[in-house]
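# A look at the structure
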Amino acid sequence: MTNPAFQINSINVREASQAEFTALNQHTNRIRLERLPDDPPIPLEESILSMKNIPPFVDVRLWAVWNPDLTEIAAEGSLALLKTEDNKHLAQFEITVLPDFRLQGLGRKLLRLVSDTAQENNRRLLVTETADRVPGGEAFMLRIGAHKGLETHVNQLRITDINRGLIAGWLSHGKQLSADFEIGLWDGAYPEEMITEVANLYELTNQQPFGEIEIEAMHMSPEQIRQMEQQIFARGGQRWTFYIVNRATGRFAGYTETVWNPNRPEILRQDMTGVFPEYRKLGLGRWLKAAMLDKVLKDRPQVKYIRTGNADSNAAMLKINNELGFQPYMASALWQIEVEKVQEYLNSHNK
Ligand SMILES: CC(C)(COP(=O)(O)OP(=O)(O)OC[C@H]1O[C@@H](n2cnc3c(N)ncnc32)[C@H](O)[C@@H]1OP(=O)(O)O)[C@@H](O)C(=O)NCCC(=O)NCCS
């Protein structure tokens, strides 16, 4: 039984009160400490800007369970419904319970709200992520009957471990390809005249392995891409995008991106890297990565660690990352479960 002293409310995260924003930020940082103990907390101001700038095509529902004296959020559940033309069958969710409040049924209580709301919105499948640093996550997902569809790792490269000779070699190989390909950099927002090409580059995200997760290819519109970058910049993120163009056709061959936030100066996030199939095995992926690392070493001396997320089955990306010296930092997994199955689990508790 859940303690009746707990109060639960839903929060509109785009327009929360100052007290709600503060409590949400504190909850996030408490949970974050467990997953990423080496990292600094997210400042309140950044959290607020991030929430206020959630892309309009993402419909976020959030419920907070307050501790009995209403001073902190003991548990939080959220559901993201993407208003896109694809993946209308699924919704992403997250449930987080502070360590002191676990195993009292709060996770289950929030799961009821998450699954009812998914059902009301005609979503039949729920997807979420767990990290091995919080074993309760996996135990909970197994208990409710979810399926682990993809094993992933956050991999990390320490700047002091970078093999500068290797980068120089990859850059000089890139130079040899320069007769056929041109490399370039966008610092910040994508140029307006390139936004359709960028939408095409984003198609490369569909070529990452998703294991057994039932996810359809995502097709981002220029407008949605603008909304997503707006959120990155609003919270203080700085993005670099290196791209390669085939000189003969003017077509884009691939790209790589990093995001850095001055609130976490030592950590650089390496996001998507992709090369279209017809241009693979030429060394373009290595060239992109080497160009990015070279720029980081020269222009971001504060950075000590580069982090990236990779599916364990992504042999092509892991080969390049392993050569560069990335090491496993944290294991994580993507899970899926039918809403109907969640309801069966929850109903078995009402008997
Ligand atoms: C996962 C998490 C939300 C569970 O919250 P919780 O409030 O402790 O869960 P509940 O008390 O409602 O438990 C629901 C069921 O899961 C089981 N369970 C939860 N944590 C468990 C654990 N560590 N070991 C074994 N079983 C566990 C409970 O025993 C209960 O089973 P029952 O149906 O037989 O009674 C919490 O551990 C957490 O915040 N983890 C970090 C975030 C995360 O990984 N979330 C999961 C992805 S959304």
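Report on the accompanying structure. What you see is a predicted model, and the numbers here were worked out from it, not measured in a lab. (Residues numbered from 1 in each chain as written. Predicted model: local features only at pLDDT ≥ 70, side-chain atom pairs only at ≥ 80, totals over all residues. Heavy atoms only, no water.)

## Details of the sheet that holds strand β2 (residues 58–66)
- Taken in spatial order, the 12 strands of this open sheet run β1-β2-β3-β4-β5-β12-β6-β11-β10-β9-β8-β7, and their pairing is mixed. Two strands lie at the open edges of the sheet, namely β1 (7–11) and β7 (181–187), each paired on one side alone. Across the sheet, the axes of successive neighbouring strands diverge by a mean angle of 20°, strand direction being ignored.
- Packed onto the sheet, helix α1 (residues 18–35) meets β1, β2, β3 (73–82), β4 (90–97), β5 (125–131) and β12 (327–338) and runs at close to 95° relative to β3. (Pairing = 2+ DSSP bridges. Helix = DSSP H or I, 4+ residues; strand = E, 2+ residues; numbered from the N terminus. Axes fitted to C-alpha atoms, helices over the stretch in contact; angles between N-to-C directions. Contact = heavy atoms within 4.5 Å.)

## Observations concerning unusual backbone geometry
- Despite not being glycine, asparagine 122 shows a phi value in the positive range, around 60°.
- With respect to the element layout, asparagine 122 can be found in the loop between α3 (106–120) and β5.
- Owing to a relative accessible area of 66%, asparagine 122 belongs among the exposed residues under this scheme.
- Of note, the phi angle at lysine 281 is positive, near 65°, even though the residue is not glycine.
- Following the sequence through the fold, lysine 281 ends up in the loop between β10 (267–275) and α8 (284–299).
- Residue classification places lysine 281 among the exposed positions, given a relative accessible area of 87%. (Buried < 20%, exposed > 50% of the residue type's maximum accessible area, 1.4 Å probe, protein only.)

## Observations concerning the pattern of salt bridges
- Enumeration over the complete set of coordinates arrives at 25 salt bridges.
- Across the pair arginine 307 and aspartate 39 runs a salt bridge whose closest N-O atoms are separated by 2.8 Å. Residue arginine 307 is located in strand β11 (residues 305–311), and its partner aspartate 39 is located in the loop between α1 and α2 (44–52); the two are separated by 268 residues in the primary sequence. Of the two residues examined, arginine 307 and aspartate 39, each falls in the buried class.
- The partner of aspartate 299 in a salt bridge is lysine 295, with the nearest N and O atoms 2.7 Å apart. With aspartate 299 and lysine 295 both in helix α8 and four residues apart, the pair spans about one turn of that helix.
- Relative accessible area serves as the criterion here: at 42%, aspartate 299 is assigned to the partly exposed category.
- If you follow the salt bridges from partner to partner, you end up with Glu192, Arg226, Glu229, Arg239 and Glu257 in one network. (Salt bridge = Lys/Arg side-chain N within 4 Å of Asp/Glu carboxyl O.)

## Description of the environment of glutamate 34
- Tracing the chain through its elements places glutamate 34 in helix α1.
- If we ignore the near neighbours within four places in the chain, the residues touching glutamate 34 are Pro99, Arg102, Arg133 and Val134.
- A distance of 2.9 Å separates a polar atom in the side chain of glutamate 34 from a polar atom in the side chain of arginine 102. (Polar contact = N/O pair within 3.5 Å; in protein donor to acceptor, adjacent residues only side chain to side chain.)

## Re the side chain of asparagine 310
- Note on placement: asparagine 310 falls in strand β11.
- A relative accessible area of 6% places asparagine 310 in the buried class.
- At 2.9 Å, the side chain of asparagine 310 forms a polar contact with the side chain of asparagine 155.
- Residues within four places of asparagine 310 in sequence aside, it is in contact with Thr152, His153, Asn155, Met317, Leu318 and Asn321.

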